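Summary of structural features
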Amino acid sequence: MNEVTLAIIKPDAYRSGNSGKIIDRIILEGFSINGMKQIHLSKKEAEGFYEVHRERPFFDELTSFMSSGKCVVLSLERENAVLKWREVIGATNPEEADDGTIRDQFGTNTGSNAVHGSDSPENGKLESNYFFPQKDLL
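Owing to the predicted nature of the structure, the values given are computational and were not obtained by experimental measurement.

This part covers the overall build of the protein chain. Of regular secondary structure, the protein chain possesses seven helices and four strands. N-terminal to C-terminal, the α/β element order of the protein chain is β-α-α-β-α-α-β-α-α-β-α. For the protein chain, the C-alpha radius of gyration of 14 Å lies close to 14 Å, the compact-globule estimate for 138 residues. Its C-alpha atoms give the protein chain principal-axis dimensions of about 35 × 35 × 25 Å. The buried share of the protein chain, taken over its 138 residues, is 46%. Within the protein chain, contacts between residues separated by at least 24 positions form 74% of all contacts whose residues are at least 6 apart in sequence. Here the protein chain has roughly 7400 Å² of accessible surface; of this, 49% comes from carbon and sulfur atoms.

So this is what it looks like as structure tokens:
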């Protein structure tokens, strides 16, 4: 059964000119892109998206980083989308990411790790809905 997951090409990867390479990888891995847009999150929007992490010590740094430049957000679909996307992107810390994963290739550290991926099918839907109303999805 198909699932939905959210991918974000973060400001570091966008600034480095790696958005196209990451999108190519998404397609090569068999994902359907149901929604895609370039955005520049405000601090308030980043705080809303990462609300679940508000009490964590990295919250301010994360939301400041995510609002520091343009991103590309994508609603992806395929069988086992969440698990597959997390395999493709690799560990949060690029130094621990498997060879050939997106974070291994394009991430520089735990904070600037190129991409976001939903951590569960439920969050995949919620996160996708944060950026894409149903009417905007193909």
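We now examine unusual backbone geometry. Its identity as a non-glycine residue notwithstanding, Asn-80 has a phi of 50°, on the positive side. On the secondary structure map, Asn-80 appears in the loop between β3 (71–79) and α5 (81–89). Not every positive phi belongs to a glycine, and Ala-114 is a case in point at roughly 75°. Relative to the helices and strands, Ala-114 is located in the loop between α6 (102–106) and β4 (115–117). Under the relative-accessibility criterion, Ala-114 is labelled buried at 0%.

Moving on, we come to the packing of aromatic side chains. Applying the stated criterion across every chain, the model contains five aromatic pairs. An angle of 90° between the planes, with centres 4.8 Å apart, marks the rings of Phe-49 and Tyr-50 as edge-to-face. Classification of Phe-49 by relative accessible area gives buried; the value is 10%. By relative accessible area, which is 5% here, Tyr-50 ends up buried. Their ring planes at 80° and their centres at 5.0 Å tell us that Tyr-130 and Phe-131 sit as a pair that is edge-to-face. Put simply, the rings of Phe-49, Tyr-50, Tyr-130 and Phe-131 touch in pairs and so form one group of aromatic residues. The residue whose ring lies beneath Lys-37 is Phe-132, and the NZ or CZ to ring-centre distance is 5.1 Å. Directly above the aromatic system of Phe-31 lies the positively charged group of Arg-78, at a separation of 5.4 Å from the ring centroid.

Considered as a void within the structure, the largest pocket measures approximately 710 Å³ in volume. What lines the largest pocket is a set of 27 residues, among which Tyr-50, His-53, Phe-58, Leu-62 and His-116 lie closest to the centre. Elements with a contribution of two residues or more to the lining of the largest pocket: α3 (43–49), α4 (59–66), β4 and α7 (121–131). Here the lining of the largest pocket takes four residues from α7, the largest share from any one element. Looking at side-chain class alone, the lining of the largest pocket contains eight nonpolar, eleven polar and eight charged residues.

Procedures and definitions
Residues numbered from 1 in each chain as written. Predicted model: local features only at pLDDT ≥ 70, side-chain atom pairs only at ≥ 80, totals over all residues. Heavy atoms only, no water. Helix = DSSP H or I, 4+ residues; strand = E, 2+ residues; numbered from the N terminus. Rg over C-alpha atoms; globule rule 2.2 N^0.38 Å. Buried < 20%, exposed > 50% of the residue type's maximum accessible area, 1.4 Å probe, protein only. Contact = heavy atoms within 4.5 Å. Areas by Shrake-Rupley, 256 points an atom, 1.4 Å probe, with all protein chains shown as cover. Phe/Tyr/Trp six-rings, centres within 6.5 Å; stacked < 30°, edge-to-face > 60°. Lys NZ or Arg CZ within 6 Å of the ring centre and 35° of its normal. 1 Å grid on protein atoms, 1.4 Å probe; cavity = no way out; pocket = protein on both sides within 12 Å on 5 of 7 lines; lining within 4 Å. Points joined across faces, edges and corners; volume = space filled by probe spheres on them. Nonpolar A, V, L, I, M, F, W, Y, C, P; charged D, E, K, R; others polar.

Distances and angles like these do not, on their own, reveal function.
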